[in-house]
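Each chain is listed here by its residues.
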Amino acid sequence: MSQYRRILLIADPAMKRTPAFERAVWLARTCGAALHIALFDRNSVIKGAALIDRDAAVEARRIWMLEREHWLRVETATLQAGGVVVTSEVVWARPVADDILNVAADQQADLVVKDVHLEGVLQRVLLTPLDWQLLRQCAVPLMLVNSLGHALPRRIVAAVDASHDYKAGDLNDRVIQEALRLAIPCDAELHLIHAFSGPQQLIDPNGAGVGSIGELERILLPVHQRNFAAIADAHSVPADRRHFLRGTPVRVISDFARQRHSDVIVIGSVRHNFIDRLILGTTAEALLDKAPCNLLAVKP
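Before going into details, it helps to say that this report is about the structure given with it. In this text, all values refer to a predicted model and were calculated from it rather than measured experimentally.

Conventions used here
Residues numbered from 1 in each chain as written. Predicted model: local features only at pLDDT ≥ 70, side-chain atom pairs only at ≥ 80, totals over all residues. Heavy atoms only, no water. Helix = DSSP H or I, 4+ residues; strand = E, 2+ residues; numbered from the N terminus. Buried < 20%, exposed > 50% of the residue type's maximum accessible area, 1.4 Å probe, protein only. Contact = heavy atoms within 4.5 Å. Polar contact = N/O pair within 3.5 Å; in protein donor to acceptor, adjacent residues only side chain to side chain. Phe/Tyr/Trp six-rings, centres within 6.5 Å; stacked < 30°, edge-to-face > 60°. Lys NZ or Arg CZ within 6 Å of the ring centre and 35° of its normal. Arc of directions from axis to C-beta. Lys, Arg positive; Asp, Glu negative; His and termini not counted. Salt bridge = Lys/Arg side-chain N within 4 Å of Asp/Glu carboxyl O.

Keep in mind that most residues, glycine aside, have a negative phi and that most peptide bonds are trans. In this structure, Asp 187 takes a positive phi of about 55° despite not being glycine. Note that Asp 187 resides in the loop between α7 (171–186) and β7 (189–196). Positive phi is not limited to glycine here, since His 261 has a value of about 55°. Among the secondary structure elements, His 261 is positioned in the loop between α9 (249–259) and β9 (264–268).

Attention now moves to the environment of Asp 110. Along the polypeptide, Asp 110 turns up in the loop between α4 (97–107) and β4 (111–115). Given a relative accessible area of 7%, Asp 110 falls into the buried group. For the pair formed by Asp 110 and Leu 142, sequence separation is 32 residues and the distance between their alpha carbons is 8.9 Å. When near neighbours in sequence (up to four residues on either side) are disregarded, Asp 110 contacts Gln 3, Tyr 4, Arg 5, Arg 6, Ile 7, Val 140, Pro 141 and Arg 181. Here Arg 5 takes part through its backbone nitrogen, which lies 2.9 Å from a polar atom of the side chain of Asp 110. At 3.1 Å, the side chain of Asp 110 forms a polar contact with the side chain of Arg 181.

Counting across every chain of the model gives three aromatic pairs. Ring centres 6.1 Å apart and planes at 25° place the aromatic pair Phe 196 and Phe 244 in the stacked group. Residue Phe 196 is located in strand β7, and its partner Phe 244 is located in strand β8 (residues 242–246); the two are separated by 48 residues in the primary sequence. Given a relative accessible area of 22%, Phe 244 falls into the partly exposed group. Taken together, the ring pairs connect Phe 196, Phe 228 and Phe 244 into an aromatic cluster. Its end group placed over the ring of Trp 64, Arg 68 keeps NZ or CZ at 3.6 Å from the ring centre.

Buried within α4 we find Ala 97, Ile 100, Leu 101, Val 103, Ala 104 and Gln 107. Projected onto a plane normal to the axis of α4, the buried residues spread over an arc of 160° and lie on a single side. In this structure, α4 carries Asp 98, Ala 105 and Asp 106 as exposed residues pointing more than 90 degrees from its buried face. Contacts from the buried residues of α4 go to β1 (6–10), β2 (34–41), β3 (86–92), β4 and α6 (130–137). At the C-terminal side of α4, Gln 108 shows a positive phi close to 55°.

Its place among the elements puts Lys 299 in the segment after β10 (294–298). Glu 285 provides the closest opposite charge to the buried, unpaired Lys 299, separated from it by 7.8 Å.

Geometric values such as these leave the question of function open.
Rendered as structure tokens:
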């Protein structure tokens, strides 16, 4: 299992060191990874002024970009003096998923780090916030940072789905491998968790109810327990680091991370169709609001 080699940090347009900035720097330093800092920003007033006075707008944009480039040069020089291999760029654009993904591809990044930007509930229904877009589209492991209790994570929670049989190379494997990739160089504890929410109903193909919820739960519970044990055994997870808990995934994972003072939750993120996202969302997306720590999302 290789350590991170190239980390992409999406910098704050306000030109300040944020929790994501600090986390990316410390990970790059610890893993010996190259760090690329990309700052996306655009001034709508300057953009609109081009319709009235193009030359003045061009000059205003040049000054705007120079301010950001200067800030990045200063930060880059400071990091280089501390032994970090770092490059940077300023992009005249509002940060959008496609631009970030293109930079990640150009840099051959194996980790993208970004601060969480929380949106209002109504906006999340009507629009697709950037963090949600990245969760759905970013093929590279994505770390969304909402706080920084420690420079490096000390306790990491890997959330797996034990509803199906263990299969080497599946999303559960990817989640655990990525959690280990983060935990090993940071010398962090790794805990494995599965939330068994139980059946809500059992419907046959013709639409008729089959059996009681209690009966179905007695059938499903040992299946999930067996699958969880197989996942943990495959990765030699110690008994005291295995946590098979009952309840809805978002609440269980969030509560566990809070009680254990965890630094990062690693979870799989898969695509859903529009109706699924509108009504239910995904566990990874819901955790953006509920999780008391950083989120590391992994694709299949």
